[in-house]
Amino acid sequence: MTEDNFNWWKEGIIYQIYPRSFYDSNGDGIGDIPGITEKLDYLQDLGIDAVWLSPINTSPMFDFGYDVSDYRAIDPVFGTMKDMDRFIAEAHRKNIRVVMDLVVNHSSHLHPWFLESRSSRNNPKRDWFLWHDGRNGREPNNWYGVFGGRAWEYDEKTAQYYHHSFLKEQPDFNWRNRELRKAVYGEFKFWLDKGVDGFRLDVANYYIKDELFRDNPIAPGPNPRPYDWQRHVYDRDRPETHGVFRELRELMNRYDGTMLVGEIFTHDDPVTSASYLGNGTDELHLAFDFSLIHHRRWNAGDYRGILERWYGAIPPAGWPCNVLSNHDKPRMSARVGRTRREERMKVLLALLLTGKGTPFLYYGDEIGMSRGRIPRERIQDPVGIKYWPFHKGRDPERTPMQWNGSRHGGFTAGEPWLPVNPDYTGRNAESQRADEGSMLNFVRMIIGLRKRVPALRLGEWVPVTETGDILAFIRTHDSGKAMVMLNFASAPRSFAITGDDNWAPVFSTHRSRVEVLPRGNCTLAPCEVTVCVRAGSIP
Ligand code: ISL
Ligand code: CA
């Protein structure tokens, strides 16, 4: 980077990789770590600053790695520790930081800690998990699992129940236990000492549960899942969670330039999500809020409202991050409706990459990958297997990366673990790289622009338009200003540019760089994306 004190997690772009689906280096049909190393040039060319890898630790794969049985080892399907060391070194050589996914709300039921814990009631690790007597011969309370069924599993051997927020193969840790905490912090240190730059904390707001295991209040809703028929007062977002994050932040502070981002899994509640940033310097560095990911209506005002609620919740010393897609939720391509899909995806990507907050870009979104159609017999996700057809699982967002037009999109020389979306012949990274107007080059150009214009990375967010079809905002910074204009409509739309500034486009889907925008009324073409700086300050 050009600046000396580039703060990567604040100014950079973080790219999420689902390792099973990125690139298979050995033909077994499953993406792996050497495969990611091979694709570092692609990532560098794209311009991203960090990668977040979904879990690669040893796992029996009941939830594809979100059930870890050894936090200090690499699952053989992904490679070896040597492969990982090499990946970290190569990434760093290219100035790309490495963020690992640490899944420590729960472990695998095959983790040695759990095997010990379940072995007897007086095992020293008994209290590392959440064991409880039944209530009148049934589960200890009314909690449900996120994936369905009750959140308790009866264990014959010691005649008690253990708690699991997800699958029964994912027993929850007891974060109130000091020894457990220390042991888990040891796993963090292991990776920090290896030079990892940060962690994404899986369901970070679930760590602590009510000490008395009280019943959640019932609150029937439209969604048929029993889990959604409760208010999650006692099984997540407990106030003591902040204490855990304060301790973790102290640990991270001992390693320069590291970052924690928490997955805060709430029902679109930005205030709760932002609360885990603490005062902005003493808990998580970043927190995901899912309001943007969950939003389905194509409407400029909605997006503006979502972002403003989010920004409004962030503490003054804190910093937002934004995310359009991940491995659990329908890709952003599924939220743009049926008309002008490519152009609308560009509008959303522009919003992600120029709005205030660290962008998290999900692999494949840069080429506009769509959700795969997975025949029932090929479903892999345990959620889909269990809840089909009500929930068809998360496989559609996890289909292999489409690299080129060759067999299986160039993802593997073997048979892919999930079918590659057949549209790979027309939609792939190689052909898009060669096409100037492609989504990939659109993303590359905006990322490049972000690097040259500090206001786009660090500026405040000042909306320009009221409601209507145009979302326009100015990013203001000591170094200058940038104005972003996005037309959500499929027809031309006008808005009034006020203020004394003369604006010149530096990036546009429809305008040349030599013009200066007219003062007063400005008309944008359908789905136009234009980024301007003040005339005369062109970077
Ligand atoms: O995928 C979901 C529902 O089908 C989400 O509710 C998801 O469970 C939630 O976002 C929490 O996700 C995280 O923890 C899960 C894991 O399966 C997800 O992949 C992970 O992102 C349990 O570890
Ligand atoms: Ca492989």
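The paragraphs below set out a description of the structure included in this document. (Residues numbered from 1 in each chain as written. Chains lettered and ligands numbered in written order. Predicted model: local features only at pLDDT ≥ 70, side-chain atom pairs only at ≥ 80, totals over all residues. Heavy atoms only, no water.)

This part covers the overall build of the protein chain. Looking only at helices and strands, the protein chain has 15 helices and 20 strands in total. Overall, the protein chain is about 75 × 50 × 45 Å in size when its C-alpha atoms are taken along their principal axes. Counting only residues that meet the buried cut, the protein chain has 61% of its 539 residues in that class. For the protein chain, restricting intrachain contacts to residue pairs at least 6 apart in sequence, the fraction spanning at least 24 positions comes to 67%. Accessible area for the protein chain stands at about 20,600 Å²; split by element, carbon and sulfur atoms hold 49% of it. (Helix = DSSP H or I, 4+ residues; strand = E, 2+ residues; numbered from the N terminus. Buried < 20%, exposed > 50% of the residue type's maximum accessible area, 1.4 Å probe, protein only. Contact = heavy atoms within 4.5 Å. Areas by Shrake-Rupley, 256 points an atom, 1.4 Å probe, with all protein chains shown as cover.)

Running from N to C, helix α11 (residues 341-354) and helix α14 (residues 439-452) cross one another at 20 degrees; their axes reach a closest spacing of 10 Å. Taken as axis vectors, α11 and α14 run roughly parallel relative to one another. Considering the relative orientation of α11 and α14, their crossing is right-handed. Contacts between α11 and α14 pair Glu342, Met345, Lys346, Leu349, Ala350, Leu353 and Thr354 from the former with Met439, Phe442, Val443, Ile446, Ile447 and Arg450 from the latter. (Axes fitted to C-alpha atoms, helices over the stretch in contact; angles between N-to-C directions. Parallel < 35°, antiparallel > 145°, perpendicular 65-115°, else oblique. Left-handed = near helix turned anticlockwise from the far one by under 90°.)

This brings us to the packing of aromatic side chains. Counted according to the given criterion, the structure contains 40 aromatic pairs. Relative to tryptophan 403, the ring of phenylalanine 22 lies with its centre 5.0 Å away and its plane at 75 degrees, an arrangement referred to as edge-to-face. With phenylalanine 22 in the loop between β1 (14-17) and α2 (33-38) and tryptophan 403 in the loop between α12 (382-387) and α13 (429-433), this residue pair connects regions lying 381 residues apart in the sequence. Comparing phenylalanine 22 with tryptophan 403 shows no difference in burial state: the two are buried. Taken together, a centroid distance of 5.8 Å and an interplanar angle of 5 degrees make the contact between phenylalanine 114 and tryptophan 131 stacked. Of this pair, phenylalanine 114 sits in helix α5 (residues 112-119) while tryptophan 131 is found in strand β6 (residues 131-132), placing the two residues 17 residues apart along the sequence. (Phe/Tyr/Trp six-rings, centres within 6.5 Å; stacked < 30°, edge-to-face > 60°.)

Turning to empty space enclosed by the protein, a few remarks are in order. Throughout the structure, instances matching the rule amount to 4 cavities of 30 Å³ or more. Counted as a void, the largest cavity has a volume near 60 Å³. Asp289, Ser291, Leu292, Ile306, Leu307, Trp310, Cys321, Asn322 and Val323 are the residues that line the largest cavity. Mapped by element, the contributors of at least two residues to the lining of the largest cavity are α9 (291-294), α10 (300-313) and β12 (321-323). (1 Å grid on protein atoms, 1.4 Å probe; cavity = no way out; pocket = protein on both sides within 12 Å on 5 of 7 lines; lining within 4 Å. Points joined across faces, edges and corners; volume = space filled by probe spheres on them.)

It is worth spelling out the coordination of the calcium ion (ligand 2) at this point. Ligation of the calcium ion (ligand 2) by protein atoms is provided by Asp24 (OD), Asn26 (OD1), Asp28 (OD), Ile30 (O) and Asp32 (OD), these donors lying 2.2 to 2.4 Å from the ion. The sequence pattern formed by the donor residues of the calcium ion (ligand 2) is D-x1-N-x1-D-x1-I-x1-D. Its relative accessible area of 38% is what places aspartate 28 among the partly exposed residues. (Donors = N, O, S within 2.8 Å, 3.2 Å for Na, K, Ca; no water.)

Time to look at the site of ligand 1. Neighbouring ligand 1 are 18 residues; Asp63, Asp202, Phe265, His327 and Asp328 lie closest to it. At 2.9 Å, a side-chain N or O of glutamate 263 approaches an oxygen atom of ligand 1. Within the side chain of arginine 394, a nitrogen or oxygen atom sits 2.9 Å from an oxygen atom of ligand 1. When isolated, ligand 1 has an accessible area of 490 Å², and the protein chains bury 98% of it. Structurally, ligand 1 is housed in the largest pocket. Along the lines of polarity and charge, the residues of the shell around ligand 1 split into 6 nonpolar, 4 polar and 8 charged. (Near = heavy atom within 4 Å. Polar contact = N/O pair within 3.5 Å; in protein donor to acceptor, adjacent residues only side chain to side chain. Sits in = over half its atoms within 2 Å of the grid points. Nonpolar A, V, L, I, M, F, W, Y, C, P; charged D, E, K, R; others polar.)

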